[in-house]
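Residue-level structural notes
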Amino acid sequence: MLGTAREIRCTGVIVDAAIEVHNHLGPGLFESMYTRCLAAELRMRGWDVEVEVPIDVYYKHIRLDVAYRLDLVVDGIVVVEVKTVPRLLEVHHSQLVTYLRATDRFVGLLLNFNCALMKQGIKRVYNPRPLRPPAVSVPRTFHGSSTEPPPTTAPPDAHRSGGATRVPDSAP
């Protein structure tokens, strides 16, 4: 689950830019400072960057204005969540997955700038249920009927090798 070539390239550039920002500033600043500097670094490299992107959430067909704000959206495809915490927690991962689902984006980056080495604070996160079709299609039905797998049949010599044969519950 790597993403498209464009997403892979974009996340690579973001990681490189985050390392540059971290090398220049070091750990210990506020998230907002790293967010602004990362946006500036990416723009200097020619990338389109949106900062504090508002997203609406729908609850039972009711639009809730600006329920969340994404730290960065790079090139319209990668969501970046900036942190300055002692260590990344599962809740940070869940937060980014929620943002990816809400915006129907496939890949995001959690960047924790509160590390001695920036590479220790980088986590790539994927949307487990993107609306776009997957790169590799897997059929959801078997034999064109239902979601049940086809009946298992043993090879002709299974009775000789001690293999088991599945007997269908009912004959057609």
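**Examining the nonpolar core**
Residues I14, L38, L42, V80, L111 and F113 are the most contacted members of the largest nonpolar core, which totals 25 residues. Of all the secondary structure elements, the ones that give two or more residues to this core are helix 1 (5–25), helix 2 (31–44), strand 2 (62–74), strand 3 (78–83) and strand 4 (107–112). Element by element, the count of residues in this core is highest for helix 1, at seven residues. Apart from residues lying up to four places away in sequence, I14 is in contact with L38, L42, V74, V78, V80, L109 and L111. Counting residues in each nonpolar core, the second largest holds 11 residues, with I55, V73, L96 and Y99 among its members.

**Some points on helix 2**
An ideal rise of 1.5 Å per residue puts 20 Å on 14 residues; helix 2 measures up with 20 Å between its terminal C-alpha atoms. Residues of helix 2 that are buried include every one of Y34, T35, L38, A39, E41 and L42, and no others. In an axial view of helix 2, the angular spread of the buried residues amounts to 165 degrees, which keeps them on one side of the axis. Turning to helix 2, the residues buried within the fold contact helix 1, strand 1 (49–59), strand 2, strand 3 and strand 4.

**Some words on the environment of L42**
You can see L42 is positioned in helix 2. On the basis of relative accessible area, L42 is assigned to the buried category, the value being 0%. Taking the C-alpha atoms as reference points, L42 and D75, 33 residues apart in sequence, are found 9.9 Å from one another. Non-local contacts of L42, meaning those with residues more than four positions away in its chain, are made with V13, I14, A17, W47, V49 and V74.

**Considering the side chain of K83**
One can find K83 in strand 3. Residue classification places K83 among the buried residues on the basis of a relative accessible area of 8%. A distance of 3.2 Å separates polar atoms of two side chains, one belonging to K83 and the other to E81. Apart from the residues within four sequence positions on either side, K83 is in contact with E31, L88, H92, Q95, L110, L111, N112, F113 and N114.

Rules and cut-offs
- Residues numbered from 1 in each chain as written.
- Predicted model: local features only at pLDDT ≥ 70, side-chain atom pairs only at ≥ 80, totals over all residues.
- Heavy atoms only, no water.
- Core = buried A, V, L, I, M, F, W, Y, C linked by side-chain atoms within 4.5 Å.
- Buried < 20%, exposed > 50% of the residue type's maximum accessible area, 1.4 Å probe, protein only.
- Helix = DSSP H or I, 4+ residues; strand = E, 2+ residues; numbered from the N terminus.
- Contact = heavy atoms within 4.5 Å.
- Expected span 1.5 Å × (residues − 1).
- Arc of directions from axis to C-beta.
- Polar contact = N/O pair within 3.5 Å; in protein donor to acceptor, adjacent residues only side chain to side chain.

On their own, these measurements won't tell you what the molecule is for.
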